[in-house]
Amino acid sequence: MAGSVGPEYRGARRRLVETLQTMGIRDLSVLRAVDLTPRHVFVPTGVRHRAYEDSALPIGNGQTISQPSVHARYLELLHLTGKERVLEVGTGTGYQTALLSNLAAQVFSIERVPALYEQAREILRQLDVRNVSMLLGDGTIGWREYAPYDAILVSAGAPTVPAPLLDQLAEGGTLLIPLGGKDEQTLVSFERRDGTVVRRDIAPVRFVPLLGTHGWQG
Ligand code: SAH
C-alpha cells in the first residue's frame, strides 16, 4: 500500500493499535494491518476526527463502518497467512478490504450500492492497493468466476446462510457471517472439512441487513 502511510494520524493509529491490544487482539498480522491502513481516508470528512476511536461511524447511504475492534476480531478468526484468496461481501467504505489486502494474497469484494462501490474503488486506487478486485452487484450469489475461496467474510447480517457462498468455499476454508434478525445477529463460522461443513456460533453482533436474492428481500 505505497503512499498510504503518511505521518498524518500515525500517532492516533498507533494508539488505536494499543487499544486493540489491551482489548485482547493478539494476532500480529492483524495489528500490523491496522497500523498500516489509514482509516481516516475511508470515513466521511465530517467524522474524520473520530477515525481512530474504536467506534462504528456513519458512511452515508444508511450504512456504517464497523468498530475497528470488530474488524480485528473478525479477521483474527480467519488466521490468514498471506496466501489465501478471500471473498468479501459488502465492501462498504473499503476499509476492511484494505485490511484484507495486507493479510491475504488476493481479495475479491462485492458491494451492491453504486455510490459506495465507486468511492471505495477510488480510495483503494489512490492507496495503490493492487491485489483487490471489485464487483458491483449482489454478493449473496457470490462471485463464481474466481471461486473457490479460502475465506469468505460477509459484512452484513443475513436471515440464513446463502447457499452459493457455502458452495464457493474451498476445502479447509472458513465462511464468517452474521446470522439472525435485522437488528441483532450471531456471528457464525462455517468451516468446510473433509466434505462436511462445521458450524460454530461465536458472538452476538449488530450488522446492517444483507439485501439480495439469498438475503433480506428489501
Ligand atoms: N466492512 C465495511 C462496512 C460494511 S457495511 C467497511 O469496512 O466499511 C455493509 C455493507 O454491505 C454495506 O455497504 C451494504 O451496502 C453492503 N451490502 C448489503 N447487502 C449486500 C449484498 N447483497 N451484496 C453486496 N453488498 C451488500
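Residues numbered from 1 in each chain as written. Predicted model: local features only at pLDDT ≥ 70, side-chain atom pairs only at ≥ 80, totals over all residues. Heavy atoms only, no water.

A.B. asks: Looking at this structure, I do not really get the overall build of the protein. What am I missing?
C.D. replies: Counting its secondary structure elements, the protein contains 6 helices and 9 strands. Whereas a compact globule of 218 residues would reach a radius of gyration of roughly 17 Å, the protein reaches 16 Å, a difference of no more than 12%. If one aligns the C-alpha atoms of the protein with their principal axes, the spans along those axes are about 50 × 35 × 30 Å. Of all 218 residues assigned to the protein, the portion counted as buried reaches 49%. Relative to all contacts within the protein whose residues are 6 or more apart in sequence, the contacts with residues 24 or more apart total 53%. (Helix = DSSP H or I, 4+ residues; strand = E, 2+ residues; numbered from the N terminus. Rg over C-alpha atoms; globule rule 2.2 N^0.38 Å. Buried < 20%, exposed > 50% of the residue type's maximum accessible area, 1.4 Å probe, protein only. Contact = heavy atoms within 4.5 Å.)

A.B. asks: Looking at this model, I keep getting lost on the packing of aromatic side chains. Mind explaining?
C.D. replies: The way to describe two aromatic rings as a pair is by their centre distance and the angle between their planes. Going through the model one piece at a time under the given rule, you end up with 7 aromatic pairs. Ring geometry for Phe-42 versus Tyr-95: centroids 5.9 Å apart, planes at 65°, classification edge-to-face. You can see Phe-42 sitting in the loop between helix H2 (28-36) and strand E1 (57-60) and its partner Tyr-95 sitting in helix H4 (residues 95-101), a full 53 residues away along the chain. Exposure class is identical for Phe-42 and Tyr-95. Each is buried. (Phe/Tyr/Trp six-rings, centres within 6.5 Å; stacked < 30°, edge-to-face > 60°.)

A.B. asks: What is the right way to read the site of the ligand from this model?
C.D. replies: Close to the ligand lie 24 residues, the nearest being Thr-93, Glu-111, Asp-138, Gly-139 and Leu-211. With respect to the ligand, the backbone of Gln-96 contributes an N or O atom lying 3.3 Å from an oxygen atom. The separation between a nitrogen atom of the ligand and a polar main-chain atom of Leu-211 is 2.5 Å. Compared with its free state, where it exposes 570 Å², the ligand has 99% of that area covered by protein. Broken down by element, the residue count for the shell around the ligand peaks at 3 residues, all from strand E2 (residues 63-65). (Near = heavy atom within 4 Å. Polar contact = N/O pair within 3.5 Å; in protein donor to acceptor, adjacent residues only side chain to side chain. Areas by Shrake-Rupley, 256 points an atom, 1.4 Å probe, with all protein chains shown as cover.)

A.B. asks: Would you take a moment to explain the sheet that holds strand E7 (residues 169-180) for this structure?
C.D. replies: Spatially, E5-E4-E3-E6-E7-E8-E9 is the arrangement adopted by the 7 strands of the open sheet, whose pairing is mixed. Taken across any chain shown, the strands that pair with only one partner, and hence form the sheet edges, are strand E5 (132-136) and strand E9 (196-205). On average, adjacent strands in this sheet sit at an angle of 15° to one another, irrespective of strand direction. Here 4 bridges tie strand E6 (residues 149-154) to E7, and the two strands are oriented parallel to one another. Pairing of Ile-152 across the sheet is with Leu-175, part of E7. (Pairing = 2+ DSSP bridges. Axes fitted to C-alpha atoms, helices over the stretch in contact; angles between N-to-C directions.)

A.B. asks: Help me understand the pairing of E9, please; the structure alone is not making it clear to me.
C.D. replies: Regular strands show a simple pattern: their side chains alternate between the two faces of the sheet. Relative to E9, strand E8 (residues 185-193) runs antiparallel, the two sharing 9 bridges. Residue pairing across strands places Gln-185 opposite Val-205, the latter belonging to E9. If you look at the hairpin formed by E8 and E9, you'll find 2 residues sitting between the two strands, and Asp-194 has a positive phi there, around 50°.

A.B. asks: Got a minute to help me understand the pattern of salt bridges in this structure?
C.D. replies: As a working rule, side chains carrying opposite charge can pair if their charged atoms are close by. Across all of its chains, the model carries 8 salt bridges by this definition. Of the charged contacts in the structure, one is a salt bridge between Arg-50 and Glu-53, with a shortest N-O distance of 3.0 Å. Owing to a relative accessible area of 30%, Arg-50 belongs among the partly exposed residues under this scheme. Using a relative accessible area of 35% as the deciding quantity, one classes Glu-53 as partly exposed. One salt bridge connects Arg-193 with Glu-191, and the closest N-O pair in it is separated by 2.7 Å. (Salt bridge = Lys/Arg side-chain N within 4 Å of Asp/Glu carboxyl O.)

A.B. asks: Any chance you could explain the side chain of Glu-76 here in plain terms?
C.D. replies: Note on placement: Glu-76 falls in helix H3 (residues 68-76). Although Glu-76 is buried, it makes no salt bridge; Arg-73 carries the closest opposite charge, 5.4 Å away. In terms of polar contacts, Glu-76 uses its side chain to reach the backbone amide nitrogen of Asp-27, at 2.9 Å. (Lys, Arg positive; Asp, Glu negative; His and termini not counted.)

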